[in-house]
Structure formats: structure tokens, C-alpha cells
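Report on the structure
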Amino acid sequence: MTTQPVAAFEPPYVMAVFSNVRTADGTGLDELNDRMEEIVQAIPGYLGYESARNPEGLGITVAYFRDQESLTVWRENMEHQAAMKKGRADWYESYTLHVATVERSHGFVRNG
């Protein structure tokens with residue numbers, strides 16, 4: 001299986017861009033991220049996500065949602081709220097969150 005970016009969806013849709021720098025101790029973070037992925041995938045209107053981290057430690061995760069309502073369901077999920085609180089307390093040195101509406105989207109995949 002090859003790695004591919006998330007597909008281009010028919011606009012408009014919403015994206016949440018979470019940029020962060022982690023603390024040195026990530027104990028439990030991978031397990032919690034797995035649980036968060038399980039929860040968000042069950043939300044109607046969730047379209048997918050992409051995530052990367054550079055060698056200096058800056059991480060960026062972009063999550064895509066069909067509309068603001070589906071993003072609100074994610075933001076207001078009680079387990080997600082507890083995870084955000086835990087992240088601020090233990091796992092992140094700093095972060096920013098940007099939410100935007102996508103107005104244009106297209107993609108390309110090389111065939112063979």
C-alpha cells in the first residue's frame with residue numbers, strides 16, 4: 001500500500017489545522033491518539049486527516065470535516081475535551097489551532 005494524501009473533496013468543507021511541539025515525555029500519548037482516531041472516525045461528516053512531524057519536533061495534523069456542525073461534534077466530545085486538557089497539562093509545549101473553510105480543492109495521482 002502506498003501513502004497518499006487525503007482525497008480532494010467537493011468544497012466547501014472545513015479543516016482544522018493543529019500545529020504543535022510536544023514535551024519530552026509522551027507516555028500514553030500514542031494510546032490516547034488511537035482512541036481519539038476511533039472516536040472521530042465515527043462522527044458523521046468526518047472526512048479524514050493527515051499528520052506529519054519534522055526532525056525539529058514541529059507536528060502538524062490537518063483534520064477534514066464536511067461542515068462546521070461535524071467539527072463541533074468533535075470539539076464537544078467529552079473524551080476529546082478530556083484529551084485536550086491532558087495534552088495541555090502533559091504533552092504539549094505549545095500548539096496552535098486554525099479552523100478554515102476550504103473553498104477550492106483538487107488533487108492528482110500518477111497512474112502506474
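Use the structure listed above.
These numbers come from a predicted model, not from an experiment. (Residues numbered from 1 in each chain as written. Predicted model: local features only at pLDDT ≥ 70, side-chain atom pairs only at ≥ 80, totals over all residues. Heavy atoms only, no water.)

**Observations regarding the sheet that holds strand E1 (residues 13–22)**
- Across the sheet, which stays open at both edges, the four strands sit in the order E2-E3-E1-E4 with antiparallel pairing between neighbours. Edge positions in the sheet fall to strand E2 (46–53) and strand E4 (92–102), since each of these pairs with one other strand and no more. On average, each strand axis in the sheet is tilted by 15 degrees relative to the strand beside it, whichever way the strands run.
- Sheet analysis places E1 next to strand E3 (residues 58–65), joined by eight bridges and oriented antiparallel. Within E3, the residue paired with Val21 across the bridge is Leu58.
- Against the sheet, helix H1 (residues 29–41) touches E1, E2, E3 and E4, its axis set at about 155 degrees to E2.
- Across the sheet, helix H3 (residues 78–91) lies against E1 and E4, angled at about 140 degrees from E4, the strand it touches most. (Pairing = 2+ DSSP bridges. Helix = DSSP H or I, 4+ residues; strand = E, 2+ residues; numbered from the N terminus. Axes fitted to C-alpha atoms, helices over the stretch in contact; angles between N-to-C directions. Contact = heavy atoms within 4.5 Å.)

**Section: helix H2 (residues 68–76)**
- Burial in H2 covers these residues: Ser70, Leu71, Thr72 and Trp74.
- Close packing links the buried residues of H2 with E1, H1, E3, H3 and E4. (Buried < 20%, exposed > 50% of the residue type's maximum accessible area, 1.4 Å probe, protein only.)

**Considering the pairing of E3**
- Summarising the sheet, E2 and E3 pair through seven bridges and their orientation is antiparallel. When the bridges of E3 are listed, Glu50 appears paired with Val62.
- Between the antiparallel neighbours E2 and E3 lie four residues, among them Gly57 with a positive phi of about 105 degrees.

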